[in-house]
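Structural overview
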Amino acid sequence: MSEDLVLEVKGLRKVFRIGFFRKRVEAVKNASFSVRRGEIFGLLGPNGAGKTTTIKSILRLIFPSEGEIRIFGRPAGDREAAKRVGYMPENPYVYQYLKPLEFLDLCGRLTGMPKVERRERSEAMVDKVGLRHAVDRPIGKFSKGMMQRVGLAQALLHDPELLVLDEPMSGLDPIGRKEVRDVLLEQRARGKTLLFTSHILSDVELLCDRVVIMQRGEITSEGQVSDLLESAGRQVEIRLSGASAALKTSLASRAVVVDDGAGHLTLRADGDRAIDEILRIANAAGARLDALVPVRQTLENLFLQNAGR
Ligand SMILES: Nc1ncnc2c1ncn2[C@@H]1O[C@H](COP(=O)(O)OP(=O)(O)O)[C@@H](O)[C@H]1O
Ligand SMILES: [Mg+2]
């Protein structure tokens, strides 16, 4: 394995058996991807896609049914490799009655950090994740967003080389998400590697170098965000006025048409051919072209296109 690969997942499969009849749930069917040193890598997908199961397999919190996982060139579960990994679970397990610094101190103690370092790092992380104002409150009284910050502080405590974050943005408001994004970008600037899951696609676009999209336990796309968006094709919004009802009907089979009731139509056209065709038909029917606006492709569009398949 190359020095540059921090994480390698090959042919991962995880089958759960649930209930009295041991019904099979194939949470991950076949997932392969690798994460390079120093990149921010996104594992995306709708709820139930298998993201958390993949993350838990990487951290050996669950045992895969099939497949091979290597972290820093060592098999998953290796003690030395595990020390270089920080993990923020989807729902951080915290002790309700501890205050943030006490909780972080406990986490540090469990991973064998010396006392002075524990104290310094805990203080620094509380500032980094913006919890200074809440140091006197027990964690049990925290909001979901504050809890996420505790989880992030705990993941960063021992300054790991690889950060694995399961839905780090969930429960945060836009300002909180920006703050977390900045913390993650700072980690990358310091040469750290990040793997995170998300279904908040705007954050992913702003952060990730590369992504995989997972659906129903399988990886359906992989690549650089810019490449994925390009491959999603060109979309244009076409605005027409003076359109008759007959024109609207004939266009409706070619694109989604929104009618404001006063003869103004707004259409979304996919690809150059569809655009040309719609313009030709509209022109022949005597409608006027008011505007032709390129639609900025987003991961969200790509996602919906994929999901529709
Ligand atoms: N411990 C478990 N036992 C049974 N089924 C599970 C378990 N964990 C996850 N699943 C199922 O596996 C699928 C994938 O779940 P998960 O990995 O949590 O998805 P995601 O994180 O993408 O939302 C879901 O259908 C979920 O119900
Ligand atoms: Mg999940």
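Residues numbered from 1 in each chain as written. Chains lettered and ligands numbered in written order. Predicted model: local features only at pLDDT ≥ 70, side-chain atom pairs only at ≥ 80, totals over all residues.

So, on to the site of ligand 1. Surrounding ligand 1, one finds Phe16, Ile18, Val25, Ala27, Gly45, Asn47, Gly48, Ala49, Gly50, Lys51, Thr52 and Thr53. Secondary-structure elements contributing two or more residues to the shell around ligand 1 are strand E1 (5-18), strand E2 (23-36) and helix H1 (51-58). When residues of the shell around ligand 1 are assigned to their parent elements, the largest contribution, three residues, is made by H1. In terms of residue class, the shell around ligand 1 is made up of five nonpolar, six polar and one charged. (Near = placed C-beta within 6 Å. Helix = DSSP H or I, 4+ residues; strand = E, 2+ residues; numbered from the N terminus. Nonpolar A, V, L, I, M, F, W, Y, C, P; charged D, E, K, R; others polar.)

Turning to the nonpolar core, a few remarks are in order. Counting 63 residues, the largest nonpolar core has Ala153 and Val164 as the members making the most contacts within it. No other element matches helix H5 (residues 144-156), which puts six residues into this core. Structurally, this core is a two-domain feature, drawing no fewer than three residues from each of domain 1 (5-230) and domain 2 (233-308). With sequence-adjacent residues up to four places away left out, Val164 is seen in contact with Ile55, Ile58, Leu59, Val85, Gly86, Tyr87 and Leu195. By size, the runner-up hydrophobic cluster in this structure holds 14 residues, among which are Leu240, Leu251, Ala255 and Ala282. (Core = buried A, V, L, I, M, F, W, Y, C linked by C-beta atoms within 7 Å. Buried ≥ 20, exposed ≤ 12 C-beta atoms within 10 Å, placed from the backbone. Domains from an automatic or database assignment. Contact = placed C-beta atoms within 7 Å.)

This part covers H5. With 13 residues, H5 should reach 18 Å at 1.5 Å per residue; the first-to-last C-alpha distance of 19 Å fits that figure. Of all the 13 residues making up H5, 10 are buried; the element is thus mostly covered by neighbouring parts of the structure. Among the residues making up H5, those that are buried are Met146, Gln148, Arg149, Val150, Gly151, Leu152, Ala153, Gln154, Ala155 and Leu156. Against strand E6 (85-88), helix H3 (100-110), helix H4 (115-128), strand E7 (162-166) and helix H6 (174-189) lie the buried residues of H5. (Expected span 1.5 Å × (residues − 1).)

So, on to the sheet that holds strand E14 (residues 288-295). The strand order across the open sheet built from four strands is E12-E13-E11-E14, with neighbouring strands paired in antiparallel fashion. Edge strands, defined here as strands with exactly one partner in the open sheet, are strand E12 (256-259) and E14. Strand-to-strand twist in this sheet, taken as the mean axis angle between neighbours without regard to direction, amounts to 20°. For strand E11 (residues 235-241) and strand E13 (residues 265-270), the ladder comprises six bridges, and the chain directions are antiparallel. Bridge pairing in E13 places Arg239 opposite Thr266. Those strands touched by helix H9 (residues 245-252) are E12 and E13, and its axis lies near 150° from that of E12. Of the strands in this sheet, E11, E13 and E14 touch helix H10 (residues 271-284), which is tilted by about 150° from E13. (Pairing = 2+ DSSP bridges. Axes fitted to C-alpha atoms, helices over the stretch in contact; angles between N-to-C directions.)

All right, on to the packing of H3 against H5 then. Helix packing for two helices is described by the angle between their axes and how far apart those axes are. Interaxial distance between H3 and H5 falls to 10 Å at its minimum, and their mutual angle equals 35°. H5 is crossed by H3, and the crossing has right-handed handedness. In this structure, H3 contributes Pro100, Phe103, Leu104 and Cys107 to the contact, and H5 contributes Val150, Ala153 and Gln154. (Left-handed = near helix turned anticlockwise from the far one by under 90°.)

According to the domain assignment, the chain contains domain 1 (5-230) and domain 2 (233-308). Summarising the inter-unit geometry, the C-alpha centres of domain 1 and domain 2 are found 41 Å apart. Each partner contributes to the interface: domain 1 provides 10 residues, whereas domain 2 provides seven residues. Looking at the side of domain 1 that touches domain 2, the elements with two or more residues in it are helix H7 (201-207), strand E9 (210-215), strand E10 (218-224) and helix H8 (225-231). When grouped by side-chain class, the residues that make up the side of domain 1 that touches domain 2 number six nonpolar, three polar and one charged.

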